[in-house]
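Breakdown of the fold
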Amino acid sequence: MKNFTDEFLWGGAIAASQADGAYDEGGKGLDTQDLRYFDASWDKTKRTENRNRNMTTQMFEEALKAKDITHYPFRWGIDFYHTYKDDLALFEEMGMKIFRTSINWARIYPNGDDKTPNEEGIQYYINLFDECHKRGMKVFATILHYNIPVNLVTQYGGWKNRKVVDFYVRYAKTLFERVGKRVDYWLPFNEINCSRFNTYNGCCLIKDQEEDYESMIFQCAHHQFIANALTIKAAHEILPGAMVGGMIARFTTYPATCKPDDVMQMILDDNYRNYFYTDIMARGKYPEYAQRMFAESNIHIHKEPGDDEILAKNTVDFLSFSYYMSMISTTDPNYEKASGNLVSGSKNPYLESSDWGWQIDPVGLRISLNQMYDRYQLPIFIGENGIGAHDVLESDGSIHDTYRIEYLREHVKQMKEAIKDGVNLIGYTMWGIIDIVSCGTIEMSKRYGVIYVDRDEEGKGTNKRYKKYSFEWYKKCIESNGEDLD
Ligand code: BG6
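Residues numbered from 1 in each chain as written. Predicted model: local features only at pLDDT ≥ 70, side-chain atom pairs only at ≥ 80, totals over all residues. Heavy atoms only, no water.

Quick look at empty space enclosed by the protein now. Applying the stated criterion to the full structure yields four cavities of 30 Å³ or more. Approximately 120 Å³ is the volume found for the largest cavity. In this structure, the largest cavity is lined by 13 residues; those nearest its centre are Arg36, Asn50, Arg53, Met55 and Met59. Counting only elements with at least two residues in the lining of the largest cavity, the list comes to α2 (44–52) and α10 (199–203). (1 Å grid on protein atoms, 1.4 Å probe; cavity = no way out; pocket = protein on both sides within 12 Å on 5 of 7 lines; lining within 4 Å. Points joined across faces, edges and corners; volume = space filled by probe spheres on them. Helix = DSSP H or I, 4+ residues; strand = E, 2+ residues; numbered from the N terminus.)

Turning next to the environment of Glu304. Structurally, Glu304 is set in the loop between α13 (288–296) and α14 (307–313). The sequence separation of Glu304 and Arg162 amounts to 142 residues, and the corresponding C-alpha distance is 9.6 Å. A polar side-chain atom of Glu304 sits 3.3 Å from a polar atom in the side chain of His302. (Polar contact = N/O pair within 3.5 Å; in protein donor to acceptor, adjacent residues only side chain to side chain.)

With that out of the way, let us pick up the pairing of strand β11 (residues 380–384). Burial runs high along β11: five of the five residues are buried. By the bridge criterion, four bridges tie strand β7 (residues 318–322) to β11 in an arrangement that is parallel. By the bridge assignment, Leu319 is partnered in β11 with Ile380. Summarising the sheet, β11 and strand β12 (residues 425–431) pair through three bridges and their orientation is parallel. Looking at β12, one finds that Ile382 is bridged to Tyr428. Taking the sense of rotation as the criterion, the β-α-β connection linking β11, helix α16 (residues 402–421) and β12 turns out right-handed. (Buried < 20%, exposed > 50% of the residue type's maximum accessible area, 1.4 Å probe, protein only. Pairing = 2+ DSSP bridges. Right-handed = clockwise from strand over helix to strand, strands pointing away.)

This brings us to the sheet that holds strand β5 (residues 243–249). Sheet strands associate in pairs through backbone hydrogen bonding, adopting either a parallel or an antiparallel arrangement. Read around the closed barrel, eight strands run β1-β2-β3-β4-β5-β7-β11-β12, paired in parallel fashion. Pairwise comparison of adjacent strand axes, ignoring direction, gives a mean angle of 25° for this sheet. Summarising the sheet, strand β4 (residues 185–189) and β5 pair through two bridges and their orientation is parallel. Looking across to β5, one finds that Trp186 is bridged to Val244. Where helix α11 (residues 213–238) meets the sheet, its contacts fall on β3 (138–144), β4 and β5, and the angle it forms with β4 comes to roughly 155°. (Axes fitted to C-alpha atoms, helices over the stretch in contact; angles between N-to-C directions. Contact = heavy atoms within 4.5 Å.)

Pasting the structure below:
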């Protein structure tokens, strides 16, 4: 029976905005994540609200003027920009075979519309990726993990504007030409379905500036689909054989009951939250069910002549998704609610939850892998999976994160089951392999890493790295190719 192949890519993932810091060094321009505000004195409710609150014009303008960066954690991250060599040494010690990170658009084109790229930014990625290969790791590069140069929002309106597609494709081509040979797997967009569920992160929309918000979300998404397809085209022309993937945040969902209405609701949720995005990227056309959603929700988008052909001719080479939890679909408005990544769902009585209320469901990963593979028959790369928790650094420097080991172990077991089911699973990059600032709630205290970073929510601390218990566990898992999971 099939198992993890010898080529299986065990790795770890982070994103530039959450890790790099150095927001104004090396010629980098300000980016949209640099403007997200956090206050360490906020209580849990305020933090959760902040996750769901969309950017407002007032918040955006205040952030542009801000001098004190304490409240803008994405500006300092874990200073990976300066520490990457030491961090990669730890990844090498763990035996990691691949490292996923994102490239910061504003390091390459500080304003997005600059005439020439920033050479210092390009050199940084050459150095980073060379260092990965030197340490035996392949590179999985996300071209855009939410943050775009702020100038593209203030001058052009961000993804609303078709011109941003051209700027993006030019940026991607620069990467293919200048650092392309150093990258093994490409992901044009992190979680492309985020454009719908966190509209500032996903497509830089500022809600109070929109007259027809719903239509604009899908207009931005259309522009991203076109940018994605043109990027695939460019990659295949410039780098023959390049592997370019499409990624979503996977919202695995079950019907709350076997009542037919709940089952139908599950199908609708699955279609509109997940498959709408992968259908376009993998099958190369808008699915039939989208017409009904557009009509019933009064959504109007503009397509340029030739757009359908662009989508049809340039589909993805593999699929990727992030998987953290599962959710419940129901037509009952009073069903008990639960928290989750990007969207909140309903409570599943059979599952435990993380410290942040995300419902832990390893079997859901096997279900998702089967569903995605069955539908598209494309190789699958799990781009993110992990658990955010309150870790404690003990006085002797140890971190006893047995709950993380448990979470990872059960998910790896289910990956193995999925491979036995016949799924062509090619890799797994655990999220965030080293502690970074959380994306949703901007908390440094929500930690995912197998490596602890001594930094608090105001950026204070030694920034020193410590191996958690899970470090040795993941090392053993990689060494034994997923066999030794004790
Ligand atoms: C994914 C994002 O949706 O979820 C990551 O791609 C993010 O950037 C991850 O960090 C976990 O979410 P959070 O809010 O716990 O950081």
